[in-house]
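Structural characterization, general
Spelled out from the first residue to the last, the chains are:
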Amino acid sequence: MRKYILLLLMVITVAAAQAQFSVSKNQHFILKDGKPFFWLGDTAWELFHRLNREEADTYLKTRSEQGYNVVQAVVLAELDGLHDPNAYGEKPLINDDPTKPNEKYFEHVDYIVDKAAEYNMNIAMLPSWADKVDKSTWGKGPEIFNKDNAAVYATWLANRYKNKTNIIWVLGGDRQTRGEQDIAIWRAMGNAIMQVTGGKAIITYHCQPNKLGSAQWFRNEKWFTFNMFQNGHCRDEAIFDKMSAGYIAQPIKPEIDGEPIYEDHPVCFNVYDLGTSSAYDVRKY
């Protein structure tokens, strides 16, 4: 009897080890548990920052029932995420120091990650919105990262969530890189996450609209697992052309349109002349 129990435990352990994301042999597709994974995501960027536990539970349950399987959310959020506390009065960092995370804040993040798993939802987790690297376009910042503290922060975060099988890592946060100084910061984060996870993480970068997605800067980085586009909030963009260019870019990577046009969003941010986007606009993308 004891022998059978041990064998059962071994089977359970192996199954748990396999319950993770990976890339197909032809390098074009994301897999989970070895099976093709269709990414149907919602961008709840401020999920950790704005919602209390009851609200987060309602949101995740609703999205799961609607058929979504990914929620894209930011740990150090855009909307004054360092200084405006979460629903429980907690800020993410002590004295804006990425090497000094606030345990109480991250207990709330833990809760949401675990609750998402209960609803078979995956979290595309952004360690930080990119205004914490570059606030020159928009966002309150402050700019707190350099390549050294970025590595420390990402190492800590990856250690905290390395055993969660519903985590997808997304660096950046609505920014193009300005050059090597920015790239070095994101590289430090990506390498740290891969080192902690033993190379098993899948990682991308969320950029602004461009012609090649995040592959424009990171396609040759060892930590960069898949390419993400943001095709933006205007109508009638050449989506097929852009996604096709990314699909054949070398080296080959899976690719995701991580931010197509949102429903009820000002078209091209010009609500007065162009109105807001419709369900038709979303489905057309």
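What you see is a predicted model, and the numbers here were worked out from it, not measured in a lab. (Residues numbered from 1 in each chain as written. Predicted model: local features only at pLDDT ≥ 70, side-chain atom pairs only at ≥ 80, totals over all residues. Heavy atoms only, no water.)

1. Quick look at unusual backbone geometry
Residue Pro142 is bonded to the preceding Gly141 through a cis peptide linkage, with omega at -5°. Relative to the elements of secondary structure, Pro142 occurs in the loop between β8 (122–128) and α5 (147–161). Put simply, Gln250 and Pro251 share a cis peptide bond, and its omega is -10°. Here Pro251 shows up in the loop between α8 (239–248) and β12 (255–259). Even without being a glycine, Asp33 presents a positive backbone phi close to 55°. Among the secondary structure elements, Asp33 is positioned in the loop between β2 (30–32) and β3 (35–36). (Helix = DSSP H or I, 4+ residues; strand = E, 2+ residues; numbered from the N terminus.)

2. Considering empty space enclosed by the protein
All told, the structure shown has one cavity of 30 Å³ or more when counted by the stated rule. The space that makes up the largest cavity amounts to roughly 30 Å³. The class makeup of the residues in the lining of the largest cavity is four nonpolar, two polar and two charged. (1 Å grid on protein atoms, 1.4 Å probe; cavity = no way out; pocket = protein on both sides within 12 Å on 5 of 7 lines; lining within 4 Å. Points joined across faces, edges and corners; volume = space filled by probe spheres on them. Nonpolar A, V, L, I, M, F, W, Y, C, P; charged D, E, K, R; others polar.)

3. Remarks on the packing of aromatic side chains
Each aromatic ring pair is characterised by the separation of its centres together with the angle its planes make. Enumeration over the complete set of coordinates arrives at 13 aromatic pairs. Taken together, a centroid distance of 5.1 Å and an interplanar angle of 85° make the contact between Phe21 and Phe37 edge-to-face. Residue Phe21 is found in strand β1 (residues 21–23), and its partner Phe37 is found in the loop between β3 and β4 (41–43); the two are separated by 16 residues along the sequence. Since its relative accessible area comes to 17%, Phe37 is described here as buried. An aromatic cluster is built from Trp186, Tyr205, Trp217, Phe218, Trp223 and Phe224, whose rings are joined through pairwise contacts. Of note, Arg53 hangs over the ring of Tyr88, and the distance from its end group to the ring centre comes to 5.9 Å. (Phe/Tyr/Trp six-rings, centres within 6.5 Å; stacked < 30°, edge-to-face > 60°. Buried < 20%, exposed > 50% of the residue type's maximum accessible area, 1.4 Å probe, protein only. Lys NZ or Arg CZ within 6 Å of the ring centre and 35° of its normal.)

4. Focus: the environment of Gly232
Assignment of secondary structure puts Gly232 in the loop between β11 (227–230) and α8. Of the residues examined, Gly232 reaches a relative accessible area of 4% and is grouped as buried. Along the chain, Gly232 and Ser128 lie 104 residues apart, while their C-alpha atoms are 20 Å from each other. Not counting residues up to four positions away in its chain, the partners in contact with Gly232 are Pro209, Glu259, Pro260, Ile261 and Tyr285. (Contact = heavy atoms within 4.5 Å.)

5. A closer look at the layout of surface pockets
For the largest pocket, the calculated volume is near 960 Å³. Considering the residues around the largest pocket, the lining is formed by 28 residues, among which Trp39, Leu40, Gly41, Asp257 and Pro260 are closest to the centre. Those elements that place two or more of their residues in the lining of the largest pocket are β4, α8, β12 and α10 (279–284). No other element matches β12, which puts four residues into the lining of the largest pocket.

6. Describing the sheet that holds strand β9 (residues 167–172)
In space, the five strands of this open sheet follow the order β4-β5-β8-β9-β10, with parallel pairing throughout. Lying at the two open borders of the sheet, with one neighbouring strand each, are β4 and β10 (203–206). The average angle at which neighbouring strand axes cross in this sheet is 30°, direction not considered. Bridge count for β4 against strand β5 (residues 70–76) is three bridges, and the pairing is parallel. What sits directly across from Thr43, in β5, is Gln72. Across the face of the sheet, helix α4 (residues 103–118) comes into contact with β5, β8 and β9 while running at roughly 155° to β8. (Pairing = 2+ DSSP bridges. Axes fitted to C-alpha atoms, helices over the stretch in contact; angles between N-to-C directions.)

7. Brief notes about the packing of α4 against α5
Each pair of packed helices can be summarised by the angle the axes make with each other and by the distance between the axes. It is the contact of α4 with α5, at a shortest axis distance of 12 Å, that shows an interaxial angle of 45°. Considering their axes alone, α4 and α5 lie oblique with respect to each other. Note on packing geometry: the crossing formed by α4 with α5 is right-handed. When α4 is examined against α5, the residues Glu103, Phe106, Glu107, Val109, Asp110 and Val113 are found in contact with a partner set consisting of Tyr153, Trp156, Leu157, Arg160 and Tyr161. In terms of residue class, the contact of α4 with α5 is built from seven nonpolar, no polar and four charged. (Parallel < 35°, antiparallel > 145°, perpendicular 65-115°, else oblique. Left-handed = near helix turned anticlockwise from the far one by under 90°.)

8. Here we look at the nonpolar core
Within the largest apolar cluster, 55 residues are counted, with the highest numbers of intra-cluster contacts made by Phe48, Met125, Phe145, Tyr161 and Trp169. If you tally residues by element for this core, the top one is helix α6 (residues 180–196), at nine residues. Among all residues touching Trp169, those that are not within four sequence positions of it are Met125, Pro127, Leu157, Ala158, Tyr161, Ile193, Ala201, Ile202, Ile203 and Thr204. By size, the runner-up hydrophobic cluster in this structure holds 16 residues, among which are Trp45, Val70, Phe226 and Ile256. (Core = buried A, V, L, I, M, F, W, Y, C linked by side-chain atoms within 4.5 Å.)

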